Amino acid sequence: MENVLEIKGLSKNLGSFRLDKVSFSLPRGYIMGFIGPNGAGKTTTIKLLMNLMHRDGGDIRVFGLDNRRYEKEIKQRIAFVYDESHYYENLSLLDNRRIVAHFYRDWDEKAFQRRLRDFDLPPHKKLKNLSRGMRTKFGLAIALSHAAEFLLMDEPTSGLDPVFRSELMDILQQLLVEENKSVLFSTHITTDLERVADYICFINQGRIVLCQSKDEMLQGHVLVKGALEQLSPEAEKMFIGLRKNHYGFEGLSADPQGIRQFFGDGVLMESPGLDEIMVFYVRGHHHV
Amino acid sequence: MNIVISNRSEEPIYHQIYQQLRGAIVREELKAGEPLPSIRSLARDLQVSVITTRRAYDELERDGYIETVAGKGSFVAPQNAELLREKRVNLIEEKLGAIIQEARSLGLSLPELQRIVELLYEEGL
């Protein structure tokens, strides 16, 4: 399978924070969710990918091309939507477009006009008068109007309401119907990804914890709830994260079969969501 | 054809899609040779991932319910009438299996269960 993105051994030292040999890849035609708590290294990785920051080591290939050597070529084919708006606040949407469109070889004005209508964006309003959701939509309208093959989004849904987030997921899925489009989407709101993402890459403290298909990740973990008496030091080793209180325990394990053999029917087993997987990996074993 | 996906179910989503498409094929709501929606458009419509949908199609193909032609998409495979009947019987067995399990957990004996089945069968339900 051809990879639209390949990151190998990416490192960056930022003093108190270090991105530590991050490696993962995204096959063409799929959506990958890049998850992790705040400060895990998502934005740093994306900035390095966009070559907005100097790296200390590692290799990044986009469309099979080195991202520094072929930066211009790559950026023509990438659509980048990020948290903060980088457009002109005092200009209307159309005037902003006039400035941005020049940078792109394959600017598609028809596509842009269609997106404005689809997204219900007011073309003559000044950017500063738009809501948060509308700004993100405007960023997307620009991003989707230059024939980009790879959509890269850094926290596009943070601070947005569930209705807009669901709308955004629909837009992404519509995009994916075309086989050659790919999406990398960083977020700490994992519910957005639960349905549509094909792959999940989970980063914590600058290191990749897990990177696999979402289905494998969800089916490869089990959430176990039971009584404290059922836990022995040996049993505790089977858990990635464990939360104990006076009334019992709740834990996440990456070995559903082992758990079933060890506890039998004596505990409650549930399939975890991405949120729970993330929380247990990050917090580990703790008492309440 | 309707496909209903539950996100709260214990059943993996790919299997829910598999079962419902298989049901439609076995009941002949989808007839031999009929095209299936493309994996990507079905994923979009059901709001599930492409990989999940692909897995359902792969398993349908493995089990002989559909055929995939490169570049053209997936089609309902011709079903042998005898085989089709057997598959429908299999479906009934699967459902009965679930019922028997439920009956056991209630402590219902086999004769008791048989009696319920007989009654219902004769009532034509």
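Along every chain, residues carry numbers that run from 1 in the direction the sequence is written. Chains carry letters from A onward and ligands carry numbers from 1 onward, assigned in written order. In keeping with the model being predicted, local features are shown solely for residues with a pLDDT of at least 70 and side-chain atom pairs are shown and tallied solely at 80 or more, while totals for entire chains, interfaces and linings include all residues. The basis for the side-chain values is all heavy atoms of the structure; hydrogens and waters are excluded.

### Considerations on the confidence of the model for chain B
Residues and elements named next belong to chain B. The predicted model of chain B averages 89 in pLDDT, with 99% of residues at 70 or higher. Confidence of the predictor at the level of single residues is captured by pLDDT, which takes values from 0 to 100. Elements are defined by DSSP. Helices are runs of H or I of four residues or more, strands are runs of E of two residues or more, and each kind is numbered from the N terminus. Taken element by element, chain B is modelled with least confidence in helix H4 (residues 81-106), mean pLDDT 86, and with most confidence in helix H3 (residues 50-62), mean pLDDT 95. Note on the complex model: pTM 0.83, ipTM 0.77.

### Some words on the side chain of His146 of chain A
All names here are of chain A. Among the secondary structure elements, His146 is positioned in the loop between helix H5 (132-143) and strand S7 (150-154). Pairs of N or O atoms are called polar contacts if they sit within 3.5 Å, as long as, within protein, a hydrogen donor faces a hydrogen acceptor (for residues adjacent in sequence, only side-chain-to-side-chain pairs). A polar contact of 3.4 Å, which involves the side chain of His146, links it to the backbone oxygen of Ala143. Residue contacts are defined here by distance: any two heavy atoms, one from each residue, within 4.5 Å place the two residues in contact. Residues contacting His146, with those up to four places away along its chain left out, are Lys75, Gln76, Ile78, Ala79, Tyr104, Asp106 and Trp107.

### Focus: the state of the cysteines
Put plainly, a disulfide is one covalent bond tying together the sulfur atoms of two cysteines. All names here are of chain A. When the sulfur atoms of two cysteines come within 2.5 Å, that pair is taken as a disulfide. One pass over the full model with this rule turns up 1 disulfide over all chains. One disulfide in the model links Cys201 with Cys211; its S-S distance is 2.3 Å. Of note, the bridge from Cys201 to Cys211 carries an S-S torsion of about -110° and is left-handed in sense. Here the residue Cys201 occupies a position in strand S9 (residues 199-204), and Cys211 occupies one in strand S10 (residues 207-213), the gap between them amounting to 10 residues.

### Considerations on empty space enclosed by the protein
Rolling a probe over the atoms, with the probe sized like a water molecule, indicates the empty space that remains. Each cavity reported here is a set of points on a 1 Å grid over the protein atoms alone in which a 1.4 Å probe fits but cannot get out, each pocket an open set with protein on both sides within 12 Å along at least five of seven lines, and each lining residue one with an atom within 4 Å of a point. Grid points are joined across faces, edges and corners, and a volume is the space filled by probe spheres set on the points. As enumerated under the stated definition, the model contains 3 cavities of 30 Å³ or more in all. Here the largest cavity defines a volume of roughly 50 Å³. Around the largest cavity, the lining residues are Ile31, Gln173, Leu176, Val177, Val196 and Asp198 of chain A together with Arg40, Ala43, Arg44 and Val50 of chain B. The greatest single-element share of the lining of the largest cavity, amounting to 3 residues, is contributed by helix H2 (residues 39-46) of chain B. Throughout this entry, Asp, Glu, Lys and Arg are counted as charged residues, while Ala, Val, Leu, Ile, Met, Phe, Trp, Tyr, Cys and Pro are counted as nonpolar. The remaining residues, Gly among them, count as polar. Taken together, the residues that form the lining of the largest cavity break down as 6 nonpolar, 1 polar and 3 charged.

### Concerning the side chain of Thr45 of chain A
By the secondary structure assignment, Thr45 of chain A is in helix H1 (residues 42-49). Filtering out sequence-adjacent residues up to four positions away, Thr45 of chain A remains in contact with Ile7, Leu10, Leu19, Phe24, Phe34 and Ile203 of chain A.

### So, a nonpolar patch on the surface
A cluster of nonpolar side chains, Ile92, Leu96, Ile99 and Ile100 of chain B, forms an exposed patch at the surface whose accessible area comes to about 340 Å². Position of Leu96 of chain B relative to the elements: it lies in helix H4. Candidates for patches are residues over 30% relative accessible area with no salt bridge; among them, like charges are joined within 9 Å and nonpolar side chains (Val, Leu, Ile, Met, Phe, Trp, Tyr) within 5 Å. Calculation of accessible area relied on Shrake-Rupley with a 1.4 Å probe; when residues are assessed, cover is drawn exclusively from the protein chains displayed. We define a salt bridge as a contact between a side-chain nitrogen of Lys or Arg and a carboxyl oxygen of Asp or Glu at a distance within 4 Å.

### Topic: the interface of chain A and chain B
Each partner contributes to the interface: chain A provides 19 residues, whereas chain B provides 17 residues. Carbon and sulfur atoms make up 39% of the area that chain A and chain B hide from each other, which totals about 1500 Å². Applying the counting rule to chain A against chain B returns 0 salt bridges. There are 14 residue pairs in polar contact (both at pLDDT 80 or more) connecting chain A and chain B. At the level of elements, helix H6 (162-176), helix H7 (191-196) and helix H8 (214-219) of chain A are the ones that each hand at least two residues to the side of chain A that touches chain B. If one sorts the elements of the side of chain A that touches chain B by residue count, H6 of chain A sits on top with 4 residues. We define buried area as the total accessible area lost by two parts upon association, computed with a 1.4 Å probe and summed across both.

### Side note on the environment of Arg68 of chain A
Residue and element names in this part refer to chain A. Counting through the fold element by element, Arg68 comes out in the loop between strand S5 (65-66) and helix H2 (71-77). A relative accessible area of 40% places Arg68 in the partly exposed class. For Arg68 and Gly266, which are 198 residues apart along the polypeptide, the C-alpha to C-alpha distance reads 56 Å. Once residues lying within four places of it in the same chain are set aside, the contact partners of Arg68 are Asn51 and Arg55. Remark: exposure states derive from per-residue accessible area (1.4 Å probe, protein chains only) relative to the maximum for the residue type, with buried under 20%, exposed over 50%, and partly exposed in between.

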